[in-house]
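Here are the chains, one letter per residue:
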Amino acid sequence: MRLLHIVATPRGHESNTIRISNALIEELHLKYDDLTVKVLDLFKADLPAVAGENIESKYKLMTGQELDNHHKSSWDAIEANIKRFLDADIYLITVPMWNFGIPYALKYYIDAIVQPGYLFRYNELGIPEGLIEGKKMVVVTSRGGDYSPNTPLHALDFVEPYLRAIFNFVGIRDIHFINAQPMDISPAARRAAMLKAIDEARALVADNHLNGYEPIESVEFPKGVKPAPLEAYSQD
Ligand SMILES: Cc1cc2nc3c(=O)[nH]c(=O)nc-3n(C[C@H](O)[C@H](O)[C@H](O)COP(=O)(O)O)c2cc1C
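Residues numbered from 1 in each chain as written. Predicted model: local features only at pLDDT ≥ 70, side-chain atom pairs only at ≥ 80, totals over all residues.

**A few points about the site of the ligand**
Convention followed: The rule is simple: place the C-beta atom from the backbone, and if it lies within 6 Å of a molecule or strand, the residue is near it. Each helix is a run of H or I in the DSSP string that is no shorter than four residues. Each strand is a run of E no shorter than two, and both are numbered from the N terminus. Basically, the charged four are Asp, Glu, Lys and Arg, the nonpolar ten are Ala, Val, Leu, Ile, Met, Phe, Trp, Tyr, Cys and Pro, and anything else, Gly included, counts as polar.
The local shell around the ligand holds 17 residues, among which Ser 15, Thr 17, Pro 96, Ser 142 and Gly 144 are the closest. It is helix 1 (residues 16-31) that contributes the most residues to the shell around the ligand, three residues altogether. Within the shell around the ligand, the residues separate by chemical class into six nonpolar, eight polar and three charged.

As structure tokens, this is what we get:
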């Protein structure tokens, strides 16, 4: 079982969210002998720009054009990041709420890897289809306030709905959230929220929720059919 741990907090050992994720990883190690964990620390990662040549390349690919060698060399860094993402059976994302949404480092990463022909495609009817199959994801979040269902802040939680939307879009359907909250209203409330979230993490592993992923042999892409050729867009 290959787990990619995507860390989207800059707080390292001080992080509330990482402590919960670490409990989950410990439990996974006890249960799965073959577990390997790779960590992608997004606040330290040197991610390729989604600008300049790479943004041109994205639109070339989206409209069915080949990349020339000049664009390809810059695009290689995007491909390397997509490869690293796809080279996992399950994902763990560790992410605090920042201003009701996700920290910019995670958004930047998502913008870099969610590329046409790699993670999604438009089918013949123009409907987007995710190209990832059989993978599972656990998202551990923490928040200063309480955004649980039936609380006044619930509608302001853009972390869970957004991450569900984007990872469903690329084909990851099995996503489990552990939301630790409220973390910042008092030490007692934080402690209770941490313990509850750690219990949830352990129960998730104990209940075999992470069994049944589909291991992949190797990563090959671009996957799927090519996007529509450029002429298809010229009538607009
Ligand atoms: C830049 C920034 C923005 C934040 N925005 C929110 C917010 O909108 N709502 C909230 O409840 N907490 C907010 N918080 C508090 C964090 O979500 C909370 O402290 C969380 O537990 C931090 O997790 P970490 O220790 O893993 O980084 C924010 C914290 C930071 C640093």
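Back to the write-up after that little detour.
**Notes on the nonpolar core**
Selection rule: Linking buried Ala, Val, Leu, Ile, Met, Phe, Trp, Tyr and Cys residues through C-beta atoms within 7 Å yields a set, and such a set is a nonpolar core. Whether a residue is buried, exposed or partly exposed follows from its count of other C-beta atoms within 10 Å of its own C-beta, namely 20 or more, 12 or fewer, or something in between, respectively; the C-beta atoms are built from the backbone. Distance between backbone-placed C-beta atoms decides contact: two residues are in contact if it is within 7 Å.
By size, the foremost hydrophobic cluster in this structure holds 51 residues, and its most contacted members are Ala 8, Ile 20, Leu 24, Tyr 91, Ile 93, Leu 106 and Met 137. A per-element tally of this core places helix 4 (residues 104-113) first, with six residues. Apart from residues no more than four positions distant in its own chain, Ala 8 is found in contact with Leu 42, Ile 93, Thr 94, Val 95, Ile 102, Pro 103, Ala 105 and Leu 106.

**Observations concerning helix 6 (residues 187-206)**
Heads up, the rule is: Residue count minus one, scaled by 1.5 Å, sets the expected span of a helix. What the arc describes is the spread of directions from the helix axis to the C-beta atoms.
Taking 1.5 Å of rise per residue, 20 residues should cover 28 Å, and helix 6 covers 28 Å from first to last C-alpha, within 8% of that figure. Those residues of helix 6 lying buried are Ala 193, Ala 197, Ile 198, Ala 201 and Val 205. What you see down the axis of helix 6 is that its buried residues fit within an arc of 130°, all on one side. Set apart from the buried face of helix 6 by more than 90 degrees, the exposed residues are Ala 188, Arg 191, Leu 195, Ala 203 and Ala 206. The secondary structure elements touched by the buried residues of helix 6 are helix 1 and strand 7 (174-180).

**A few points about the sheet that holds strand 2 (residues 36-41)**
Put simply, the rule reads: In this analysis, strands are considered paired if DSSP registers two or more bridges between them. Every angle, taken between N-to-C directions, lies between 0 and 180 degrees, and every axis is a line fitted to C-alpha atoms, over only the stretch in contact when it is a helix.
On the basis of which strands lie adjacent, the open sheet formed by five strands has the order 2-1-3-6-7 and parallel pairing. Both edges of this open sheet fall to strand 2 and strand 7, since each of them pairs with a single strand only. Across the sheet, the mean angle separating the axes of adjacent strands is 15° when strand polarity is ignored. In terms of strand pairing, strand 1 (residues 2-7) meets strand 3 (residues 90-96) through five bridges, oriented parallel. Bridged to Ile 6 within strand 3 is Ile 93. Across the sheet, helix 1 lies against strand 1, strand 2, strand 3, strand 6 (136-142) and strand 7, angled at about 145° from strand 6, the strand it touches most.

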